[in-house]
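What follows is each chain in one-letter form.
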Amino acid sequence: MEKLLKKYTILTLIAYLVFAFPALASSEENGKKFNPGELISHHIADSHEWHFFSIGESHYSIPLPVIVYSKEYGLEIFSSSKFHNPTHTYKGYKLDHEHIYAVNDAGHVLEDVKIYDFSITKNVASLLLSAVILILVFTAVSRGYKKNKGHAPKGIQSFFEPIIVFVRDDIAKSIIGPKYEKYLPYLLTVFFFIWFNNLLGLIPGGANLTGNIAVTMVLALITFVITNFSGNKYYWKHIFWTPGIPVPIKLLIVPVEIVGMFTKPFSLMVRLFANITAGHIIILSLLGLIFIFEHAAASLISLPFVLFMSFLELFVAVLQAYIFTLLSAMYIGSAIEEHSHADHDHGH
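The shown structure was predicted, so the numbers you read here are calculated from the model rather than taken from an experiment. (Residues numbered from 1 in each chain as written. Predicted model: local features only at pLDDT ≥ 70, side-chain atom pairs only at ≥ 80, totals over all residues. Heavy atoms only, no water.)

Trainee: Run through the pattern of salt bridges, naming residues and quoting values.
Mentor: Enumeration according to the criterion identifies 3 salt bridges in this entry. Lys91 is paired through a salt bridge with Glu76; the nearest N and O atoms lie 3.5 Å apart. Placement of Lys91 in the loop between β5 (89–90) and β6 (93–96) and of Glu76 in strand β4 (residues 74–79) is noted, with a sequence separation of 15 residues between them. In this structure Glu76 comes out as buried when scored by relative accessible area, which is 17%. Measuring nitrogen to oxygen at the nearest pair gives 2.8 Å for the salt bridge that ties Asp169 to Arg168. Overall, the relative accessible area of 26% leaves Asp169 in the partly exposed class. (Salt bridge = Lys/Arg side-chain N within 4 Å of Asp/Glu carboxyl O. Helix = DSSP H or I, 4+ residues; strand = E, 2+ residues; numbered from the N terminus. Buried < 20%, exposed > 50% of the residue type's maximum accessible area, 1.4 Å probe, protein only.)

Trainee: Describe helix α5 (residues 156–176), naming the residues involved and giving the relevant values.
Mentor: Along its 21 residues, α5 runs 28 Å from first to last C-alpha, staying within 8% of the 30 Å computed at 1.5 Å per residue. The set of residues buried in α5 consists of Gln157, Phe160, Ile163, Ile164, Val167, Ile171, Ala172 and Ile176. Gly177 sits one or two residues past α5 and shows a positive phi near 100 degrees. (Expected span 1.5 Å × (residues − 1).)

Trainee: How would you sum up the sheet that holds β4? Please name residues and give values.
Mentor: Read across the sheet, 3 strands follow the order β4-β3-β8 without closing on themselves; strand pairing throughout is antiparallel. At either margin of the open sheet sits one strand with a lone partner, and together these are β4 and β8 (116–117). Looking at chain direction, strand β3 (residues 65–70) and β4 are connected through 6 bridges and run antiparallel. Bridge assignment links Pro65 to a residue of β4, and that residue is Ser79. (Pairing = 2+ DSSP bridges.)

Trainee: Report on the nonpolar core, specifying residues and quantitative values.
Mentor: Core analysis: the biggest nonpolar cluster contains 39 residues, and Phe160, Ile176, Phe192, Ile194, Trp195, Leu219 and Phe324 have the highest contact counts within it. At the level of secondary structure, the elements contributing two or more residues to this core comprise α4 (122–147), α5, α6 (184–202), α7 (213–230), α9 (247–293) and α10 (296–336). No other element matches the 11 residues that α6 contributes to this core. Contact partners of Ile194, with chain neighbours within four places excluded, come to Thr210, Leu219, Leu272, Gln320, Ala321 and Phe324. Core analysis: the second largest hydrophobic core is formed by 10 residues, Tyr93, Ile100, Ala102 and Ile115 among them. (Core = buried A, V, L, I, M, F, W, Y, C linked by side-chain atoms within 4.5 Å. Contact = heavy atoms within 4.5 Å.)

Trainee: If you had to explain the environment of Val124 to someone new, which residues and values would you point to?
Mentor: Looking at where Val124 falls in the secondary structure, it is placed in helix α4. Classification of Val124 as partly exposed rests on a relative accessible area of 29%. With 85 residues separating them along the chain, Val124 and Leu209 place their C-alpha atoms 8.2 Å apart.

Trainee: Describe in detail the pairing of strand β7 (residues 99–102), supporting the description with residues and values.
Mentor: Here β7 shows one buried face, formed by Ile100 and Ala102, and one open face, formed by His99 and Tyr101. Between β6 and the antiparallel strand that follows it, β7, lie 2 residues; His97 among them carries a positive phi value of about 50 degrees.

Trainee: An account of the confidence of the model for the protein is requested, with residue identities and associated values reported.
Mentor: Residues with a pLDDT of 70 or more make up 83% of the protein, whose mean pLDDT is 82. Looking at the elements of the protein, mean pLDDT is at its lowest for helix α11 (residues 341–344), recorded as 46, and at its highest for α7, recorded as 94. Here residues 24–29 scores under 50 on pLDDT; set against residues more than four positions off or in separate chains, the count is 10 contacts. Segment residues 341–348 is flagged for pLDDT under 50; beyond a separation of four residues in sequence, or across chains, it makes 7 contacts in the model. (pLDDT = per-residue confidence, 0-100.)

Trainee: So what's going on with the sheet that holds β5? Which residues, and what values?
Mentor: The pairing of strands in a sheet comes from backbone hydrogen bonds and takes either a parallel or an antiparallel form. Across the sheet, which stays open at both edges, the 3 strands sit in the order β5-β6-β7 with antiparallel pairing between neighbours. Strands with a single pairing partner mark the edges of an open sheet, and in this sheet they are β5 and β7. Summarising the sheet, β6 and β7 pair through 4 bridges and their orientation is antiparallel. In the sheet register, Tyr93 faces β7, and the bridge partner there is Ala102.

Shown next, in the form of structure tokens:
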């Protein structure tokens, strides 16, 4: 573990030197003052290309496919590099602050033309990359179980087995109860999906996928759907006509319970989004201090804090995956929990 931490520290420093510091050199060469807000917003926002860094007029990025449809122009598929021109227009489309608009020959936006953007953006590409990594990793783990059946786990299997067992025993089984096996695949998937994407987001030049509220909203929505479709009669009775309390109090509690159905997934969505985005902003802000002060002393002060935050974000990456999975299991468990007759009479 000590060797692993040393390697991570060295690689993190090298990565920041390679990917972050060219931004200052680029600003100086172009005669522009470094803008930390622009750097931060560029990193945490989605984009139509995967940008790594710039040196002078050279931009090191991977153009991504642009897929747009409108009734007027039909379906168009082309590379985002086509927008790399002074007007940022191509085939009647214009890219402005990562939004695509239909324009006329004079370059004016056509407000009445509805654009459907299905482009492979940076976040979508990162999502596909993480899916491939997850498939490769757990295919290897599955092969390990087949190959080492009846023997001690080896290689990648030995690393992931304790984590899988932890999610199964300490989250799914202990919270959901006897019916946990039905929901274990989802809980394992959401745990590793969030954890892997949190880690990918910490790589300089990586995408801020779990810091995108649309992604966290979909994850929370899936938990919401599973919870409510799994709810038994006791769950729905507790929401719409809570047993064991006087009728006047029931009339007050019912609206609260209904609102609570929606605040639970909302809290899941916001918690993951806010924590991951905040971590990225803090790290980039600390790096920005070096460029703002433009002095070696700023580097000596900022870099230790950047490293500290990077190590803290490694912990936050797995912690947020754990919290999301734990709360999802709690919500599902409360929906399928069986209540005894004595529970119904409680409060009389």
